[in-house]
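Working through the structure, step by step
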Amino acid sequence: MVVTLIEEFLTARATRKPSPHTQDAYRRDLTSVAVLAAELATPPLPLDHLGVDALSPRLIRAAFARFAADRAATSVGRAWSTWNGFFSFLVAEQVVPGNPMPAVGRPRAPLPQPKPLRGEDTPEHLLASAAQAEGRQRDPWPERDVAVLAVALCAGLRLSELLALRVGSLGGRAGERRLEVSGKGGRPRMVPVEPGLDAVLAGYLDSRMRRFGSRTVRPDSPLLVDRRGEPLRRGGLQYLVESCFRRAGIGDRVPRGARLHALRHTFATRLAEDGAGAAEIMRLLGHASLASSQTYIEVTAGQQREAARANRTNRALVGLVRPQAG
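Residues numbered from 1 in each chain as written. Predicted model: local features only at pLDDT ≥ 70, side-chain atom pairs only at ≥ 80, totals over all residues. Heavy atoms only, no water.

1. Some details on the overall build of the protein chain
Let me state the cut-off plainly: Under the DSSP-based scheme used, a helix requires at least four consecutive residues in state H or I and a strand at least two consecutive residues in state E, with every element numbered from the N terminus. Only protein chains enter the area calculation, which uses a 1.4 Å probe; residues under 20% of their type maximum are buried, those over 50% are exposed, and those in between are partly exposed. Any two residues whose heavy atoms approach within 4.5 Å are treated as being in contact. Only the protein chains shown count as cover for residues, with accessible areas throughout obtained via the Shrake-Rupley method and a probe of 1.4 Å.
What the protein chain contains, in helices and strands, is 13 helices and three strands. For the protein chain, the residues scored as buried account for 38% of the 326 residues in total. In the protein chain, 60% of the contacts between residues at least 6 apart in sequence involve partners at least 24 apart. Carbon and sulfur atoms provide 53% of the accessible area of the protein chain, an area that totals close to 18500 Å².

Quick look at the structure:
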């Protein structure tokens, strides 16, 4: 039965250590299309009676056509990838003889555009604000707040990567410090830690020892914790960053829908502005493809041209050169 095979597939994917959010998305995409396939089968079937042998290319195409009717191209593309992975798993397990997904159309969704913080000095203003212990805060901990923002802005980590960091993730000799990051899909990478970020993290860990004792900063302890010393979780980290935005008064400079991810985009955009190539950005951000990293360079090139166009000297050249006669 398809429902049983979906659970086997998800169990097999779990060894790659996807986030709970990603695993839920896999299950949702597989189940949603399977429900539609069961409804479109001849005769219609309850989902738990749908066998894998019923999933012909024609039935899968029909199910995806209905699935796509009221969904964005990105959602349909993600579901297509999930089902392609599901059938590849079934082929490898010798459950089915072949993968029917190449016969199912896949929408081409444009790569998402970067959404960095707006304003030339916004990152510096945000960090300076977080470093100030405001009296309105119930239990201010500026060292921790600055450390969270600094790692996101200077290492470009995703939310899940920030939460997965351990105290021992920071290693290397002075001047050669680095963060060992467990990236998307379980892909590890090393991100250089420059002296400024190293000092911020050292100050944060020192303040944490004063608050909770040295036992709380063992190598296997979570790097980022809340004000009670408990590991920061997804909602807590998002709330922390949002509160830093509010205290800094930069809500209008944070692109809609980006929030914490805007810090990662700011890191990558500044890399491109300072001359980093797509391959370097790809390695630092942990992208799976060069195309994702290339978008930062393309956006930056457009910003550079706009800046050159605004140069008053360029405008003064207009009309100086007369066309040659004949």
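Structure shown, so let's carry the discussion forward.
2. Section: helix α6 (residues 142–155)
How we decide: For a helix, the expected span equals 1.5 Å multiplied by the number of residues minus one.
The end-to-end C-alpha separation of α6 is 19 Å, in line with the 20 Å expected for 14 residues at 1.5 Å each. What α6 keeps buried is the set P142, R144, D145, V146, A147, V148, L149, A150, V151, A152, L153 and A155. Downstream of α6 by one or two residues, G156 has phi in the positive range, about 65°.

3. Looking at the pattern of salt bridges
The following threshold applies: Take a side-chain nitrogen of Lys or Arg and a carboxyl oxygen of Asp or Glu: if they are within 4 Å of each other, that pair is a salt bridge.
If you walk through the whole model with that rule in mind, you get 16 salt bridges. As a salt-bridge pair, E39 and R66 come within 3.9 Å of each other at their nearest N and O atoms. You can see E39 sitting in helix α2 (residues 20–40) and its partner R66 sitting in helix α3 (residues 57–68), a full 27 residues away along the chain. Overall, the relative accessible area of 43% leaves E39 in the partly exposed class.

4. Quick notes on the packing of aromatic side chains
Note the following rule: Only centres within 6.5 Å qualify two rings of Phe, Tyr or Trp (six-membered ring in Trp) as a pair; their planes then separate them into stacked at under 30 degrees, edge-to-face at over 60, and tilted for everything else.
What the rule picks out here adds up to eight aromatic pairs. On the numbers, 5.7 Å between centres and 45° between planes, the contact of W141 with Y204 is tilted. You can see W141 sitting in the loop between α5 (122–130) and α6 and its partner Y204 sitting in helix α8 (residues 195–212), a full 63 residues away along the chain. Assessed through its relative accessible area of 0%, W141 is described here as buried. Seen from their ring centres, W141 and F212 are 5.8 Å apart, and the 65° between their planes marks the pair as edge-to-face. You can see W141 sitting in the loop between α5 and α6 and its partner F212 sitting in helix α8, a full 71 residues away along the chain.

5. What to know about the nonpolar core
For clarity, the threshold we go by: Residues belong to a common nonpolar core when they are buried Ala, Val, Leu, Ile, Met, Phe, Trp, Tyr or Cys residues joined through side-chain atoms within 4.5 Å.
One finds L126, V151, L162 and L263 to be the most contacted residues of the largest nonpolar core, which totals 44 residues. Among the elements of the structure, α5, α6, α7 (159–164), β2 (178–182), α8, α9 (234–248) and α10 (261–273) are those that each provide at least two residues to this core. With nine residues, the single largest contributor to this core is α6. Setting aside its immediate chain neighbours within four residues, L126 contacts L117, L149, C244, F245, A248, I250 and L263. With 32 residues, the next largest nonpolar core counts I6, Y26, A37 and F64 among its residues.

6. Section: the environment of D24
Here D24 is to be found in helix α2. In the structure, D24 is positioned 14 residues away from L10 in sequence and 9.4 Å away in space, judged by C-alpha atoms.

7. Considering the sheet that holds strand β1 (residues 170–171)
Where we set the bar: A pair of strands is considered paired only if DSSP assigns at least 2 bridges between the two.
Pairing is antiparallel in the open sheet, where three strands are placed in the order β1-β2-β3. Of all strands in the sheet, those bounded by a partner on one side alone are β1 and β3 (188–192). As defined by bridge partners, β2 adjoins β3 across five bridges and the pair is classed as antiparallel. Following the sheet pairing, E180 is matched in β3 by M190.

8. Focus on the packing of α5 against α6
Put simply, the rule is: Helix axes are fitted to C-alpha atoms over the stretch in contact, other axes to C-alpha atoms as well, and angles between N-to-C directions run from 0 to 180 degrees. Each angle gets one of four labels, with under 35 degrees taken as roughly parallel, over 145 as roughly antiparallel, 65 to 115 as roughly perpendicular, and the rest as oblique. Under the scheme applied, nonpolar residues are Ala, Val, Leu, Ile, Met, Phe, Trp, Tyr, Cys and Pro; charged residues are Asp, Glu, Lys and Arg; polar residues are all the others, including Gly.
Running from amino to carboxyl end, α5 crosses α6 at an angle of 160°, the nearest separation of the two axes being 8 Å. The angle between the axes of α5 and α6 places the two elements in the roughly antiparallel class. Contact residues: α5 offers P123, L126, L127 and A130, while α6 offers P142, D145, V146, L149, A150 and L153. Across the contact of α5 with α6, the residue classes tally to nine nonpolar, no polar and one charged.

9. Points about unusual backbone geometry
Omega for the bond connecting T42 with P43 falls within 30 degrees of zero, at -5°, which places this linkage in the cis form. In the Ramachandran plot, Q94 falls in the positive-phi region, its phi being about 60° despite a non-glycine side chain. With respect to the helices and strands, Q94 occurs in the loop between α4 (73–92) and α5.

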